[in-house]
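Listed below are the residues making up each chain.
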Amino acid sequence: MEYFLQQLINGITLGGVYALIALGYTMVYGIIQLINFAHGEFFAAGGYMGVILISYLAGQGASPVLCIGLGLALTMVYCALLAMAVEKVAYKPLRTSSRLSVLLSALGMSIFLQNGLMLTQGVYDKAYPTEMTAGGFEWGNVVLSYMQIYIFLITGALLIGLNLLVFKTRIGKAMRATAQDKVMSALVGINSSKIISLTFAIGAGLAAAAGIMVGFYYGSVNYSMGFVPGIKAFAAAVLGGIGNITGAMVGGLIIGMVEIFAAGYLSSEYKDVFAFIILIAVLYFRPTGIMGENVDDTRV
Amino acid sequence: MTTQEFKKRWTSFGIGLIWLFILLWPLLGIKPDGLEFIPSLTLWLKLAVAALCVMIVYELNQRGLFEGLKSAGASLKGSTEKLYAATPNWLLVCIGLGLAIAFPAMTGRYGHDVACNVLIYVCLGLGLNIVVGLAGLLDLGYIAFYGVGAYTYALLSIHYGLAFWLCLPISALLAGIAGCIIGYPTLRMRGDYLAIVTLGFGEIVRLILNNWMDLTNGPNGLSDVSRPTVYWPDFSNGFSFELIMVKKVWMFYYVILAIAIVTIICVYRLNYSRIGRAWEAIREDETAAELMGVNTFLLKLLAYAMGAAFAGFAGTFFAARMRFVSPESFTFLESAMVLAMVVLGGMGSIPGVMLGALALIALPEAFRDFELYRMLVFGGVMTTMMLVRPKGLWPAKRVGRRSEEMD
């Protein structure tokens, strides 16, 4: 029972992180029907930017809460700028060309960014100052670490913030309108180009926050860390019904839980396989996901 | 060209450079003990100078300074094309074949090594060309079949001592079966979803190779794979054939050359057969093809199986050549590399894919000093190609657009 509780806590932690990454996929796919392969790289870049900023701030003698808060905010802004640049260079000129071209351009961008990160930061892992968040609450053998509490709080705040942005503001309304019909929304005066750029920026910002939290949770970051979580988060987005924001959150939680429980009860070597199997099974049996509605059949 | 356009161009150029610096500086200039400006500034300056040169050339081009050069180039291109069209095809093929056969005599060991690599990738690229170029199914897990082929030969040769030439068809068959297994559940999907699912399958195969310790020896890989044997004419006492092991690199070169030639002939014949035309119909418009009576289900499965079988051939040779296999050789980046060859060369075009393999394997060898930047440039080239020349260096003659993308 204690083991189960521990796994549950770990699963929710990981699931929250996957949900954050999945939101970027789902929002971009919802608006321009593109699998943004470079999304995992924003996650990795966020992890690196986080370690750079937080160790700098800690070196200046800032308190842990300030380090994490300011580091997180600056990293999110940085990755948003990066995503806007990538969108402008690699996706915007291809708006009208075939789907395959955009997909390959995204793949090229992903390899480019990953290797750019490797060249500027080196091939070795960079360690997070994890002593900053050491310790936690204990009940018997069940541990809830301070880092996990940080992750719950930050993820929760970001998810609530995003929901408010999308469903309560004018910008959110414009985003939803663009996702439904680009031509019509342009006719009523929405600058769809700006909205697309903004969507990329928000998605990358959330992925960057996830990157910092994963870096803190596991203690280090690596230039190639974006690939596998990126795919798993995509699986989460598909599971929830791609284009659906609530679906991405639920899907992220499910994928995180499945991974942790599979690692704990079945086999830790094959834990990555389960996310892929879920992805394939969902696409095969219910291509619209759990919460998705009408995806027209040309897409699937 | 108006002054307004000129101003607009240079303003966006300036904004782009400032944006680049904002993105570059934090990565290079923030250290735990303080802020630095020099390293990021030097890198940024180099990039800025390069960008400025490109911009100036572009500007001069806009003003028509290169008109003379361009017309000379166009006439040269026209005359070459005329010459190319006038030369009979069999002559070109003979020249190519002659050069390929004479190649080991003209170069050293290093050259043979590079040529072997290029030919392996030619086989892989042509195999993927069937799936992506002809049938229009984007496959991002293609390297898994290469892995299946390589491991099949390695295991059969280590445990049962089976010969290379016997294993070649067995590996191709097993890889083809793996292709069907992977292809079957994905047949209902198109485009993006297909890409991501094949990627997932590729990763699953790699994880199995990495973790099935009893069979594959995990990350340590399998070594002592035996070499291929050939009958070699022996003139020492009269004339007889002698069974020898292929050891020298130039002998390996001839083995892979033979495999590559067989692959090229097969792909060429497939391309101009009924099956090839049906694949192209599926690529152009699946719904219309189905309405015209093309059995899309069977043909898509066949495309996967055929592509996988050629990867199996290449994999068998790879295992025999290296005498060692490990999961390290079958990562996603390799899949992306083969895909880049197909795309760079021109999807569906056989000479294009060969050119793509040559460009992506042989050119980086010439710039060995920039080894670190190889993958960076390669990712950049993939994006740039899509922006400026989406059809590739040597486009296929018959390509159209999918109807659902027209809107």
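Residues numbered from 1 in each chain as written. Chains lettered and ligands numbered in written order. Predicted model: local features only at pLDDT ≥ 70, side-chain atom pairs only at ≥ 80, totals over all residues. Heavy atoms only, no water.

Considerations on the domain arrangement of chain B
Then, number 1: Domain assignment breaks chain B into domain 1 (3-83) and domain 2 (113-393).
Then, number 2: Of note, the centres of domain 1 of chain B and domain 2 of chain B, computed from C-alpha atoms alone, are 37 Å apart. (Domains from an automatic or database assignment.)

As for the state of the cysteines
Residues and elements named next belong to chain B.
Then, number 1: The tally for this structure, following the rule as stated, stands at zero disulfides over all chains.
Then, number 2: Free of any disulfide, cysteine 123 has its nearest neighbouring cysteine sulfur in cysteine 266, separated by 10 Å.
Then, number 3: The buried category is assigned to cysteine 123, whose relative accessible area is 0%. (Disulfide = S-S within 2.5 Å. Buried < 20%, exposed > 50% of the residue type's maximum accessible area, 1.4 Å probe, protein only.)

Focus on the packing of helix H4 (residues 89-106) of chain B against helix H10 (residues 249-271) of chain B
Residue and element names in this part refer to chain B.
Then, number 1: The contact between H4 and H10 brings their axes to 9 Å, and the two run at 160 degrees. One way to sum up the angle between H4 and H10 is to call them roughly antiparallel. For the pair H4 and H10, contact is made by Leu97, Ala100, Ile101, Phe103 and Pro104 and by Trp250, Tyr253, Tyr254, Leu257 and Ile261, respectively.
Then, number 2: Counted by class, the contact of H4 with H10 contains ten nonpolar, no polar and no charged residues. (Axes fitted to C-alpha atoms, helices over the stretch in contact; angles between N-to-C directions. Helix = DSSP H or I, 4+ residues; strand = E, 2+ residues; numbered from the N terminus. Parallel < 35°, antiparallel > 145°, perpendicular 65-115°, else oblique. Contact = heavy atoms within 4.5 Å. Nonpolar A, V, L, I, M, F, W, Y, C, P; charged D, E, K, R; others polar.)

So, the confidence of the model for chain A
Then, number 1: Looking at chain A as a whole, the pLDDT averages 87, with 97% of positions reaching at least 70.
Then, number 2: For residues 294-300 of chain A, every residue scores under 50 in pLDDT, and the model assigns this stretch 14 contacts once sequence neighbours within four places are set aside. (pLDDT = per-residue confidence, 0-100.)

Digging into the environment of B:Val353
All names here are of chain B.
Then, number 1: Within the secondary structure layout, valine 353 lies in helix H15 (residues 350-366).
Then, number 2: In this structure valine 353 comes out as buried when scored by relative accessible area, which is 0%.
Then, number 3: Put simply, valine 353 and tyrosine 121 are 232 residues apart on the chain and 9.4 Å apart in space, counted from C-alpha to C-alpha.
Then, number 4: If sequence neighbours within four positions are ignored, valine 353 has contacts with Gly125, Leu126, Asn129, Met341, Val342, Gly345 and Gly346.

Points about the pairing of strand S3 (residues 142-145) of chain A
All names here are of chain A.
Then, number 1: Relative to S3, strand S2 (residues 136-139) runs antiparallel, the two sharing four bridges. Directly across from glutamate 138, in S3, lies its bridge partner valine 143.
Then, number 2: Here S2 folds back onto S3, and the loop between the two strands holds two residues, one of which, glycine 140, carries a positive phi near 60 degrees. (Pairing = 2+ DSSP bridges.)

Side note on the nonpolar core
Then, number 1: Formed by 208 residues in total, the largest nonpolar core has its most connected members in A:Tyr91, A:Phe234, B:Leu124, B:Tyr146 and B:Leu339.
Then, number 2: By residue number, the principal contributor to this core is helix H5 (residues 109-134) of chain B, which donates 16 residues.
Then, number 3: Setting aside chain neighbours within four positions, we find B:Tyr146 in contact with B:Ile120, B:Leu124, B:Ala311, B:Ala314, B:Gly315, B:Phe318 and B:Phe330. (Core = buried A, V, L, I, M, F, W, Y, C linked by side-chain atoms within 4.5 Å.)

Details of a nonpolar patch on the surface
Then, number 1: Judged by side-chain polarity, B:Leu363, B:Phe367, B:Phe370, B:Leu372, B:Tyr373, B:Val377 and B:Val381 come together as a nonpolar surface patch covering roughly 680 Å² of accessible area.
Then, number 2: For B:Val377, the position within the fold is in helix H16 (residues 374-388). (Patch = residues over 30% accessible without salt bridge, like charges linked within 9 Å, V, L, I, M, F, W, Y side chains within 5 Å. Areas by Shrake-Rupley, 256 points an atom, 1.4 Å probe, with all protein chains shown as cover. Salt bridge = Lys/Arg side-chain N within 4 Å of Asp/Glu carboxyl O.)

Considerations on the interface of chain A and chain B
Then, number 1: Taken together, the 61 residues of chain A in the interface contact 54 residues of chain B.
Then, number 2: Across the chain A/chain B interface, buried area totals approximately 5200 Å², and carbon plus sulfur atoms make up 77% of it.
Then, number 3: When the area that chain A buries against chain B is broken down by residue, the three leading residues are A:Leu104, A:Ile111 and A:Tyr284, summing to 12%.
Then, number 4: Our enumeration of links across chain A and chain B arrives at zero salt bridges.
Then, number 5: Between chain A and chain B we count six residue pairs in polar contact (both at pLDDT 80 or more) in total.
Then, number 6: Of all the secondary-structure elements, those providing two or more residues to the side of chain A that touches chain B are helix H2 (39-59), helix H3 (64-91), helix H4 (99-121), helix H9 (227-240) and helix H11 (271-285) of chain A. (Buried area = accessible area lost by both parts, 1.4 Å probe. Polar contact = N/O pair within 3.5 Å; in protein donor to acceptor, adjacent residues only side chain to side chain.)

Regarding the UniProt feature "transmembrane region" (unreviewed entry) in chain A
Then, number 1: When the UniProt feature table is mapped to this numbering, "transmembrane region" (unreviewed entry) covers residues 12-35, 42-62, 68-90, 102-124, 144-166, 195-218, 233-261 and 273-292 of chain A.
Then, number 2: A helix fraction of 100% and a strand fraction of 0% characterise residues 195-218 of chain A, whose end C-alpha atoms lie 35 Å from each other. (UniProt positions renumbered as here; feature names shortened; annotations may be inferred.)

Some thoughts on empty space enclosed by the protein
Residues and elements named next belong to chain B.
Then, number 1: Enumeration over the complete set of coordinates arrives at two cavities of 30 Å³ or more.
Then, number 2: Roughly 70 Å³ of volume is contained in the largest cavity.
Then, number 3: Leu140, Gly141, Ile143, Ala144, Leu199, Gly202, Glu203, Arg206, Phe330, Thr331, Phe332 and Ser335 together form the lining of the largest cavity.
Then, number 4: Put simply, the parts of the chain that give the lining of the largest cavity at least two residues each are helix H6 (143-160), helix H8 (191-211) and helix H14 (332-345).
Then, number 5: Broken down by element, the lining of the largest cavity gets its largest block of residues, four residues, from H8.
Then, number 6: Here the lining of the largest cavity is built from residues that sort into six nonpolar, four polar and two charged.
Then, number 7: Space inside the second largest cavity adds up to approximately 40 Å³.
Then, number 8: What lines the second largest cavity is simply Ala340, Val343, Leu344, Leu360, Phe378, Val381, Met382 and Met385.
Then, number 9: Taken together, the residues that form the lining of the second largest cavity break down as eight nonpolar, no polar and no charged. (1 Å grid on protein atoms, 1.4 Å probe; cavity = no way out; pocket = protein on both sides within 12 Å on 5 of 7 lines; lining within 4 Å. Points joined across faces, edges and corners; volume = space filled by probe spheres on them.)

With respect to the environment of A:Gly226
Residues and elements named next belong to chain A.
Then, number 1: As for its placement among the helices and strands, glycine 226 is situated in the loop between strand S4 (220-221) and H9.
Then, number 2: C-alpha of glycine 226 to C-alpha of isoleucine 171: the two residues are 55 residues apart in sequence and 29 Å apart in space.
Then, number 3: Among all residues touching glycine 226, those that are not within four sequence positions of it are Gly40, Glu41, Phe43 and Ala44.

Let's talk about H2(A)
Then, number 1: With 21 residues, H2(A) extends 30 Å from end C-alpha to end C-alpha; this agrees with the ideal 30 Å at 1.5 Å per step.
Then, number 2: Following H2(A) by one or two positions, A:Gly61 adopts a phi angle in the positive range, close to 85 degrees. (Expected span 1.5 Å × (residues − 1).)

Details of the pattern of salt bridges
Then, number 1: One pass over the full model with this rule turns up 13 salt bridges over all chains.
Then, number 2: Between A:Arg95 and A:Glu87 there is a salt bridge, with the nearest N and O atoms lying 2.4 Å from each other.
Then, number 3: The class of A:Arg95 is partly exposed, set by a relative accessible area of 31%.
Then, number 4: Relative accessible area serves as the criterion here: at 2%, A:Glu87 is assigned to the buried category.
Then, number 5: Where B:Glu36 meets B:Lys31, a salt bridge forms, and the shortest distance between an N and an O atom there is 3.7 Å.

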